[in-house]
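What follows is the residue order along each chain.
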Amino acid sequence: MKKILFFNPPLYFHQGIPKSLDVSVPPLGLLYLASYINHYAKKEFNAKIIDIGKENFSLKDIVSIIKKETPFVIGISSMTPQLQGAVELAKNIKKHFPKSIIFLGGPHISADPDFIKRHSKLFDYAITGESEITFLDSIIKLSKNQKIQKIQASQIPLDLNKLPIPDKKLIKRHLYNQAESMLFSRGCPFNCYYCSRPSISRTIRYRSTANLIKEIKYCYPFCNGKINFQDDTFTLNKDKVVELCKTLIKEKIKIFWECNTRIDLVDEKLLKLMNRAGCQQINFGIESGNERVRKEIIHKGLFTNKDISKVFNWCQKYKIKIACYFMMGHPTETKKEIQDTKDMILKSPIDILGLSIPIPFPGSPLYDIAKKDRIVSKDIIDKFVLKKLGEGYSGIYPVYTPKDSNKEFVYSQLKEINRKFYLKPKIVFRKIKEDFTSPQRIKSDFKDLFSLIFRGMSSRKPYIIQKQK
Ligand code: B12
Ligand code: SF4
């Protein structure tokens, strides 16, 4: 039996010690990959997952793990922000085990396939996109001494029902949030200008309601019915959502869930039904309070500010918490347009706010704009990876800010909005109430709240204003 070892790297290692964002969401992509191998090739392979940041493994610990496990193949997953960690990990493995076979996969390589050419000594192979089928096919070929290409584009799984349910025994489940991460669909057909995600997969596919319900039942004991749907746009196919909600209600499956979607992809009837089926929170990507910016720059649907208020009213009516993502500093955005975003955030009944500044990731249209505006150089990724910009990601990797409003202005606005938002009595009372029902959160919530009020930034996102290099 050949072992396959998957690693989720931290953001970076500092003197061999992993440094991660304070996150508590399991690596779902790796869970899918490992479960697929263990299901379809259980006689030939045994796949395991090591979440380095979560388990706090140093580079030294990793050498011991590899010595013990003697994997046939190693798979490293990486988003762009994790690249320093991924590269240091691969370097360390190659130094101690020069004959090891390392694959790179995940969001970064999918958006920037040329990366593998520039780092071919560290990574033997790379696969872009959703890789369950292509990765298994590749390790089977390698185990038969057949050749495979250095970089391959995945054959994406078209029938999601054929993917086994992610096996939670592959991770230390208790280390993560209680709410279970789940997917009803995969693929994103949209073109939001700041996003590189469609390079993983564009074709939209849903699994059957019965297949999803099987996973909900399997996970129920460890998540207590709390589910976070990680789909990019959960209500893209309203009929599928209606079918799911009706089944949950009919079968009396009491779950408490949240999902991501867009303002123009919900209506009153749907929200009412979703809430009856246990939906407690919707995360809306709004990104700007100004209609010109949304229409001309962001390309995230053609909803108006009136549509936004209408949807907020329905959410309040059906007691669904409103979480919103906004960004400030879009290309061509003026100070007046930033003010529109500020007004929308502070005057709307938003319960949870995610406010950030656009980050030019390779594979996104913003990356090309940022190159043209000389905010990023052609070799930004390699400089970032080799820590030439500094160690870590927040405050190190460049953010985009438009000519009209400089970086200091955008950050000062961001801090002011965060402070005003988190000092709203409604928000403070809700936090206190939530902490009473879940006391283990008190320490981190208060640390975060203080940080938001005094620094204007979450303690989880330690942005520093730094000169662009
Ligand atoms: C859940 C989630 C998170 C979770 C953590 C996820 C985790 N532990 O893995 C949290 C909330 C912590 C998070 C944080 C962030 N996230 Co996030 N996140 C997601 C989200 C919504 C779902 C991920 C998921 O489960 N996908 C489903 C699985 C099936 O897909 P997958 O992970 O891509 O895996 C498949 C393939 O990529 C491939 N694959 C993956 N790994 C490997 C490894 C090998 C060896 C191979 C061969 C293949 C392979 O096969 C997998 C199975 O099909 C995605 C959006 C999305 N739809 O993917 C964004 C996404 C991954 N996040 C993104 C970003 C930007 C962030 C943040 C930087 C945001 C921020 N500004 O702070 C932070 C950074 C966190 C960090 N550690 O550095 C971007 C990444 C863009 C990029 N270029 O890297 C995405 C794509 C969102 C977007 N719309 O752009 N995120
Ligand atoms: S931000 Fe836009 S393009 Fe990116 S995943 Fe979400 S909907 Fe798709």
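The structure this text deals with has already been given above.
Peer 1: Can you help me understand the sheet that holds strand 5 (residues 73–77) in this one?
Peer 2: Paired through their backbone hydrogen bonds, the strands of a sheet run either parallel or antiparallel. Reading across from one edge, 4-1-5-6-7-8 is the order of the six strands in this open sheet, with parallel pairing throughout. Both outer strands of the open sheet, strand 4 (45–51) and strand 8 (151–153), are each paired with one neighbouring strand and no more. Geometrically, the sheet is characterised by an average inter-axis angle of 20° between neighbouring strands, direction not taken into account. Two strands pair when backbone bridges link them, and strand 1 (residues 2–8) and strand 5 are joined in this way by four bridges, in the parallel orientation. Within strand 5, the residue paired with Phe-7 across the bridge is Ile-76. Contacts from helix 3 (residues 59–69) reach strand 1, strand 4 and strand 5 within the one sheet, and its direction differs from that of strand 1 by about 160°. Here helix 4 (residues 83–96) sits on the sheet in contact with strand 1, strand 5 and strand 6 (102–105), set at roughly 165° to strand 5.

Peer 1: How should I be thinking about the site of ligand 1 in this particular structure?
Peer 2: The environment of ligand 1 is formed by 39 residues, the closest being Leu-11, Ser-77, Thr-80, Glu-132 and Asp-232. One of the side-chain N or O atoms of Ser-77 is found 2.7 Å from a nitrogen atom in ligand 1. With respect to ligand 1, the backbone of Gly-106 contributes an N or O atom lying 3.4 Å from a nitrogen atom. Contributing elements (two or more residues each) for the shell around ligand 1: helix 1 (28–40), strand 5, strand 6 and helix 7 (132–143). For the shell around ligand 1, the element with the most residues is helix 1, which contributes five residues. A per-class count over the shell around ligand 1 returns 23 nonpolar, ten polar and six charged. For the shell around ligand 1, the domains that each give at least three residues are domain 1 (2–153) and domain 2 (179–358 + 399–454).

The rules behind the values
Residues numbered from 1 in each chain as written. Chains lettered and ligands numbered in written order. Predicted model: local features only at pLDDT ≥ 70, side-chain atom pairs only at ≥ 80, totals over all residues. Heavy atoms only, no water. Pairing = 2+ DSSP bridges. Helix = DSSP H or I, 4+ residues; strand = E, 2+ residues; numbered from the N terminus. Axes fitted to C-alpha atoms, helices over the stretch in contact; angles between N-to-C directions. Contact = heavy atoms within 4.5 Å. Near = heavy atom within 4 Å. Polar contact = N/O pair within 3.5 Å; in protein donor to acceptor, adjacent residues only side chain to side chain. Nonpolar A, V, L, I, M, F, W, Y, C, P; charged D, E, K, R; others polar. Domains from an automatic or database assignment.

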